[in-house]
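Read off the chains here:
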Amino acid sequence: MLEMDLALPWRRPVPQIFWFDKRLRVWFSAQKRPAPLAIVISGTGSDANTAKLSVLRAILYGAGYHVLTVPSPTFPGFIVAASSTGVAGDLLQDGQDLYAAIGEIVAHLPRKVRVTDVDVLGYSLGGANAAIVKSIDATEHKLHIHRAVMINPPVSLFSTIGRLDKLYAVSLGNGDAGIERFYQQLYAQLANAYRASGRVELDEDFLLGAAAAVLKTDKQFSAAIALSFRIALSNVFLAGDLYSGAGVVTDPAHPPKVGDSLEETAQSLRSKTFAEYFTRVFAPYYLKRLPNATVDSLIARNRLEVIGDQLRTDPDYYCLTNSDDLILDRAELGWLEKTLATRIAVYDHGGHLGNLGDRQQAADMLAMLDGRWQGSR
Amino acid sequence: MRLRIGCAAAVLVLAGCATREVELHRWPAETPAANNKADIAKMQGLQATAAAAATLATPQATEQAQSGTEPPPAPVKPDDAPSLKTYDPWARLNRFTYRFNARFDEAIFLPVATGYRRFVPTPLRGGVHSFFANLTEVDSVINYTLQGRLHRTVRSFGRFVINTTLGIGGLFDIAARFNIPYEPTGFGTTLAKWGMHPGPYLVIPLLGPSTFREGVGYGVDYATDYFINLADLYRGDQSWGLGVANAVDQRANVDFRYYSTGSPFEYETIRFLYMRKQLIEDAGLHRSKPVPKPKPDEPAGK
């Protein structure tokens, strides 16, 4: 497996505290013979080597693809190294940045690698990014992307994040008190499980094994999911605040320097919602940048409907999702089913990515990628 | 010898200062079949741990498990959790050391460990790992004795004897096949058992996250090994080679990459997790005693 660290020419000046993110890090697994290339885009806030990407890499590599995994445009390493704005979360702008970055990466693949076809796929937010990247390629023709497969994609970014804010508010409450209470519960449960186990070291195996005993109720699971999205948001928020000069959590005149404590910034970001990111960082930045834009038009351009025509008419867009995925509501799932017609597989169970890599899901994904998909049976 | 190591290190540091447009790092080849086998073994281990954690966490099961030999552990309550803050009075120095460690790891440590994983066959690496693990049994025997956990002293001593003889100088972990698990300990844990608090968070050059107490523990463990000088491994030029090989073996077996989170909050996150890990392990050492209630707003570790 090849790790590629790229310095991209359009990178903006790097804020000091992001000194380690200057290069875009991607991973490539090459077949020895000529093969199609599968480009896989990671989910919200994630890098190019997550456990979910490992699952997809193993499936795709096993099926004979060269596999290139790239981070989400909301991963801080991407925002710093490859974003032309530094303010992540805009589906079209992120798609443009991803498209340009993938172009550079493909141009630097080892010379002996021979690519017969190019497909793109992604999970969660990466699914929507994959579809946008293919739609950009349909006009620019630089990568010659053949098929795009979206795995558990959102339909409307801002409805999804609204739902995540709500999930957070319901499961953890607002402010620091909710997080502290949740942390105290987890700490006590973990300490009790550890004391009872008689182990001498609290290692990774114990933690993973104990997770099932520690997260006991649906509410605790919801809190853990909401918290993991909030942690991803805090990086996006901080980068956006620094790049746009919004000054919500940092002082634009005196940005934090290497070695400064970020404890207070982290604490203040813990209570910041996705909605706050939109209203205080994202919207002011894009309203200034895009002529004639309004708040409503910003929300509208972050729906998959912006490429609705392509999704409807181009037979090379596919989707795999679950009817109980928390990032979609009934209407959004209905829209996907209506738009993609037979090019969508909807499973009854799996939630958000819970069935990623399952036998049926993997087989369907491969069938879609090589054009054998005949519709759900 | 030291001059040569210094020159090699300088070359590697310069090589690590990436200036080219694309840097390529080749990682060990994918071997899905081997990975599946390892994953299945890991999954079985995790299921066993999950089952144990789920059953052992219930008070009745705990009492049964103790079968009267030890009092049941006193339950830890949510209010016993330390605050979200961590005691870090040396933060400025620690942050500097963390950055130094990250750069050193990226330029030297990780490439060497990756090359070691790529080019040295798995059985040989397994032998090296077992060899170094076996050497740590000496510290374990001493420290389990100091901690008054004599059944563990006997177990570590038994492992050392079995692996040194049947395991050919520790190259094979034969004791594990007799279901005697490897559970090392050191002077840091002994201090914890004697009641010493973790103290300030401390990032040690090259070694990484620690606390004042654990730092003292590392120092005493090293001094003990130097003083005992088992098989003349800890003094003279060969001790440098041994130290480097041990470091490479340890790095090759740790699945951690500095700043892979991409987050500027990584220092805070690691500090938070490390200190809670220490405190939970401390709670495990004093199973029958209630956990001391933290004072409001007192940072964890103080």
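A. Focus on the overall build of chain A. The number of helices and strands found in chain A is 14 helices and eight strands. Computed over its C-alpha atoms, the radius of gyration of chain A comes to 21 Å, within 12% of the 21 Å expected for a compact globule of 377 residues. Considered along the principal axes of its C-alpha atoms, chain A spans approximately 50 × 50 × 45 Å. Long-range pairs, those at least 24 residues apart, make up 77% of the contacts in chain A between residues at least 6 apart in sequence. Of note, chain A has its 38 positive side-chain charges centred 3 Å away from the centre of its 40 negative side-chain charges.

B. Representation of the pattern of salt bridges within the structure. As enumerated under the stated definition, the model contains 31 salt bridges over all chains in all. The salt bridge involving glutamate 140 of chain A is made with lysine 142 of chain A; its shortest N-O contact spans 3.3 Å. On the basis of relative accessible area, glutamate 140 of chain A is assigned to the partly exposed category, the value being 34%. Its salt-bridge partner being aspartate 260 of chain A, residue arginine 92 of chain B comes within 3.8 Å of it at the nearest N-O pair. Taken together, the positions of arginine 92 of chain B in helix α4 (residues 91-119) and aspartate 260 of chain A in the loop between α8 (218-244) and α9 (263-270) put the pair across two chains. When its relative accessible area of 57% is taken as the criterion, arginine 92 of chain B is described as exposed. Residue classification places aspartate 260 of chain A among the partly exposed residues on the basis of a relative accessible area of 27%. The network of salt bridges with common partners includes Glu3, Asp5 and Arg25 of chain A together with Glu106 and Arg257 of chain B.

C. Just the environment of asparagine 229 of chain B, in detail. Residues and elements named next belong to chain B. Examined against the element boundaries, asparagine 229 turns out to sit in the loop between α9 (212-228) and α10 (237-252). The residues contacting asparagine 229, other than those within four sequence positions of it, are Tyr234 and Arg235. Polar side-chain contacts of asparagine 229 include one of 2.9 Å to the backbone nitrogen of tyrosine 234.

D. Structural context of the interface of chain B and chain A. Facing 68 residues of chain B, the contacting portion of chain A comprises 63 residues. Summing the contributions of chain B and of chain A, the shared interface buries around 5,500 Å²; its carbon and sulfur component is 59%. The tally of links between chain B and chain A comes to four salt bridges. Arginine 257 of chain B serves as the salt-bridge partner of glutamate 3 of chain A, at 2.8 Å between the closest nitrogen and oxygen. Between chain B and chain A we count 17 residue pairs in polar contact (both at pLDDT 80 or more) in total. When residues in the side of chain B that touches chain A are grouped by element, the largest group, ten residues, is from helix α11 (residues 266-285) of chain B. In terms of residue class, the side of chain B that touches chain A is made up of 32 nonpolar, twelve polar and 24 charged. Note: strand β1 (residues 2-6) of chain A against strand β1 (residues 22-26) of chain B, five bridges, orientation antiparallel. Directly across from leucine 6 of chain A, in β1 of chain B, lies its bridge partner valine 22 of chain B.

E. Layout of helix α14 (residues 359-369) of chain A. Residues and elements named next belong to chain A. Among the eleven residues in α14, eight count as buried, and that is most of the element. Taken residue by residue, α14 has Gln361, Ala362, Asp364, Met365, Leu366, Ala367, Met368 and Leu369 as its buried positions. Contacts from the buried residues of α14 go to α1 (51-62), β5 (115-123), β6 (145-151), β7 (317-322) and β8 (344-347). Looking one or two places after α14, you find glycine 371, whose phi comes out positive at around 75 degrees.

F. Highlighting the packing of α1 of chain A against α14 of chain A. Residue and element names in this part refer to chain A. Closest axis-to-axis distance for the α1/α14 pair is 11 Å, and the angle between their directions is 55 degrees. Comparing their axes, α14 and α1 come out oblique. Relative to α14, the crossing made by α1 is right-handed. Contact residues: Leu56, Ile59 and Leu60 in α1; Ala362, Met365, Leu366 and Leu369 in α14. Its residues assigned to classes, the contact of α1 with α14 shows seven nonpolar, no polar and no charged.

G. How the structure looks around the sheet that holds strand β3 (residues 35-41) of chain A. Pairing is mixed across the open sheet formed by nine strands, whose spatial order is β8(A)-β7(A)-β6(A)-β5(A)-β3(A)-β4(A)-β2(A)-β1(A)-β1(B). Unpaired on one side and paired on the other, β8 of chain A together with β1 of chain B mark the two borders of the sheet. Strand after strand, the sheet turns through a mean of 15 degrees between neighbouring axes, direction not considered. Of the pairings in the sheet, the one linking β6 of chain A to β7 of chain A comprises four bridges and is parallel in character.

Calculation criteria
Residues numbered from 1 in each chain as written. Chains lettered and ligands numbered in written order. Predicted model: local features only at pLDDT ≥ 70, side-chain atom pairs only at ≥ 80, totals over all residues. Heavy atoms only, no water. Helix = DSSP H or I, 4+ residues; strand = E, 2+ residues; numbered from the N terminus. Rg over C-alpha atoms; globule rule 2.2 N^0.38 Å. Contact = heavy atoms within 4.5 Å. Lys, Arg positive; Asp, Glu negative; His and termini not counted. Charge placed at Lys NZ, Arg CZ, Asp CG, Glu CD. Salt bridge = Lys/Arg side-chain N within 4 Å of Asp/Glu carboxyl O. Buried < 20%, exposed > 50% of the residue type's maximum accessible area, 1.4 Å probe, protein only. Polar contact = N/O pair within 3.5 Å; in protein donor to acceptor, adjacent residues only side chain to side chain. Buried area = accessible area lost by both parts, 1.4 Å probe. Nonpolar A, V, L, I, M, F, W, Y, C, P; charged D, E, K, R; others polar. Pairing = 2+ DSSP bridges. Axes fitted to C-alpha atoms, helices over the stretch in contact; angles between N-to-C directions. Parallel < 35°, antiparallel > 145°, perpendicular 65-115°, else oblique. Left-handed = near helix turned anticlockwise from the far one by under 90°.

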